[in-house]
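Structure at a glance
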Amino acid sequence: YAPVSSIAIKPNPRNSPDPAIQREAEGEKVLKALEPRDFVVVLDERGQELRSEDLARLVAAAGDDGRPLAFCIGGPYGHSDAVRARADRMVRLSVMVLNHQVAVVVLLEQLYRAWTILRGVPYHH
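What counts and how
Along each chain, residue indices are assigned from 1 in the same order as the chain's sequence is written. Local features in this predicted model are restricted to residues of pLDDT 70 or higher, and side-chain atom pairs are both shown and tallied only at a pLDDT of 80 or more, whereas totals for entire chains, interfaces and linings draw on every residue. Side-chain numbers here rest on the full set of heavy atoms in the structure, without hydrogens or water. UniProt positions are given in the numbering used here, feature names are shortened, and annotations may be inferred rather than shown by experiment. Going along the chain from the N terminus, every DSSP run of H or I of four or more residues is numbered as a helix, and every run of E of two or more is numbered as a strand. Here the term buried applies to any residue with accessible area under 20% of the maximum for its type, exposed to any over 50%, and partly exposed to those in between, with areas from a 1.4 Å probe on protein chains only. Counted as a polar contact is a pair of N or O atoms within 3.5 Å, where, for protein atoms, one must be capable of donating a hydrogen and the other of accepting one, and residues adjacent in sequence contribute only when both atoms are in side chains. Every residue pair with non-hydrogen atoms within 4.5 Å of one another is taken to be in contact. Each Phe, Tyr or Trp ring, with Trp reduced to its six-membered ring, pairs with another whose centre is within 6.5 Å; inter-plane angles below 30 degrees give stacked pairs, above 60 give edge-to-face pairs, and intermediate values give tilted ones. Whenever Lys or Arg places a side-chain nitrogen within 4 Å of a carboxyl oxygen from Asp or Glu, that contact is recorded as a salt bridge.

Where an unreviewed UniProt entry is consulted, the protein appears under the name Putative RNA methyltransferase At5g10620, with the organism given as Tetrabaena socialis. Under the UniProt heading Sequence similarities (unreviewed entry), the note attached to the protein is "Belongs to the RNA methyltransferase RlmH family."

**Focus on the side chain of His79**
Examined against the element boundaries, His79 turns out to sit in the loop between β2 (69-73) and α3 (81-86). Assessed through its relative accessible area of 5%, His79 is described here as buried. Here Leu43 takes part through its backbone oxygen, which lies 3.0 Å from a polar atom of the side chain of His79. With near-sequence residues (within four places) excluded, His79 lies in contact with Arg23, Val42, Leu43, Asp44, Cys72, Ile73, Gly74 and Arg84.

**Some thoughts on the packing of aromatic side chains**
Two numbers describe a pair of aromatic rings. These are the distance of the centres and the angle of the planes. This model, assessed by the stated rule, comprises 3 aromatic pairs. Summarising the aromatic geometry, the rings of Tyr1 and Tyr112 are spaced 5.8 Å apart at their centres and angled 45 degrees between planes, so their arrangement reads as tilted. Here Tyr1, found in the segment before α1 (19-33), pairs with Tyr112, found in helix α4 (residues 100-119); they are 111 residues apart in sequence, far enough to count as distant. Using a relative accessible area of 38% as the deciding quantity, one classes Tyr112 as partly exposed. Joined through ring pairs, the aromatic side chains of Tyr1, Tyr112, Trp115 and Tyr123 make up one cluster.

**What about the pattern of salt bridges?**
For side chains of opposite charge, pairing can occur when their charged atoms come near one another. According to the stated counting rule, one finds 11 salt bridges in the structure shown. The shortest N-O distance in the salt bridge between Asp88 and Arg86 comes to 3.6 Å. Here Asp88 falls in the partly exposed class, since its relative accessible area comes to 33%. Look at Arg86 and you get partly exposed, because its relative accessible area is 23%. The residue Glu109 makes a salt bridge to Arg113 at a minimum N-O spacing of 3.0 Å. Pair noted here: Glu109 and Arg113 are both in helix α4, with a separation of 4 residues, about one helical turn. What makes Glu109 partly exposed here is its relative accessible area of 25%. Beyond isolated ion pairs, a larger network of salt bridges with shared partners links Asp44, Arg46, Asp81 and Arg84.

Spelled out as structure tokens, the structure:
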């Protein structure tokens, strides 16, 4: 339904044992990977819960505005304050904390579901 690309940020780019330093270093790399016009959705356990239909509306609105969507999945210690501040929306995929690899799979399935909702394809019940 739409082109998708992925940018993987190396966890703990400064090889620090300090979680705060890890989070900040990862955040700097995330911010460098984002474009100014991106509509940034930070996936975070403290974010807003969305139903699949809500995510479909978010995808549609970003498309209507002509802004590329950028979903940010945090590392083991979450996102830096700077990444959270850059977010246009903060969303949580689950009330449970998910490993980032699992979060990618859940996000991709939900984006597929969102597109099927928007296109009227009978995938979503």
